[in-house]
Amino acid sequence: CITDPVIALFNQAAAEASYLLRVTSEPLVAIRALTTIEVEAKRVLAEMVVEARKADHTWAQIAEALGVSRQAAQARFRGEDADAVRTPTRSEPGG
């Protein structure tokens, strides 16, 4: 799968951050670790949205998976080149 390296990087970052959370009592180290997980999760999520659009999933379907409105999903991820990979040639219901 094309996203395997992305998932591997996320898993590595999450594992390292999780380790730091277990061994530290320093709040700033914990914040840094949690921020690493958050940043990596957002990056992977954006890539998955691009993959979903490439697979012809509508914005309505993506929004449902995210638990947000179609408009909110589009506003959040439209800048992630999701529309660059697939430009509808006709009106797309729910898209």
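Since this is a predicted model, take the numbers as computed values, not measurements.

Here is what the cut-offs are and how they apply
- Residues numbered from 1 in each chain as written.
- Predicted model: local features only at pLDDT ≥ 70, side-chain atom pairs only at ≥ 80, totals over all residues.
- Heavy atoms only, no water.
- Helix = DSSP H or I, 4+ residues; strand = E, 2+ residues; numbered from the N terminus.
- Buried < 20%, exposed > 50% of the residue type's maximum accessible area, 1.4 Å probe, protein only.
- Contact = heavy atoms within 4.5 Å.
- Areas by Shrake-Rupley, 256 points an atom, 1.4 Å probe, with all protein chains shown as cover.
- Arc of directions from axis to C-beta.

(A) Fine view of the overall build of the chain. In terms of helices and strands, the chain carries 4 helices and 0 strands. Expressed as a percentage of the 95 residues in the chain, the buried residues total 25%. The contacts in the chain between residues at least 6 apart in sequence include a share of 58% that link residues at least 24 apart. Of the roughly 6,300 Å² that the chain leaves accessible, carbon and sulfur atoms contribute 58%.

(B) Representation of helix H4 (residues 70–77). Ala73, Gln74 and Phe77 are the residues of H4 that are buried. What you see down the axis of H4 is that its buried residues fit within an arc of 95°, all on one side. On its buried face, H4 is in contact with helix H2 (27–54) and helix H3 (59–66).

(C) Just the environment of Leu20, in detail. Inspection of the secondary structure puts Leu20 in helix H1 (residues 4–23). Along the primary structure Leu20 and Ala33 are separated by 13 residues, whereas in three dimensions their C-alpha atoms are 6.6 Å apart. Ignoring sequence-local partners within four residues, the contact set of Leu20 consists of Val29 and Ala33.

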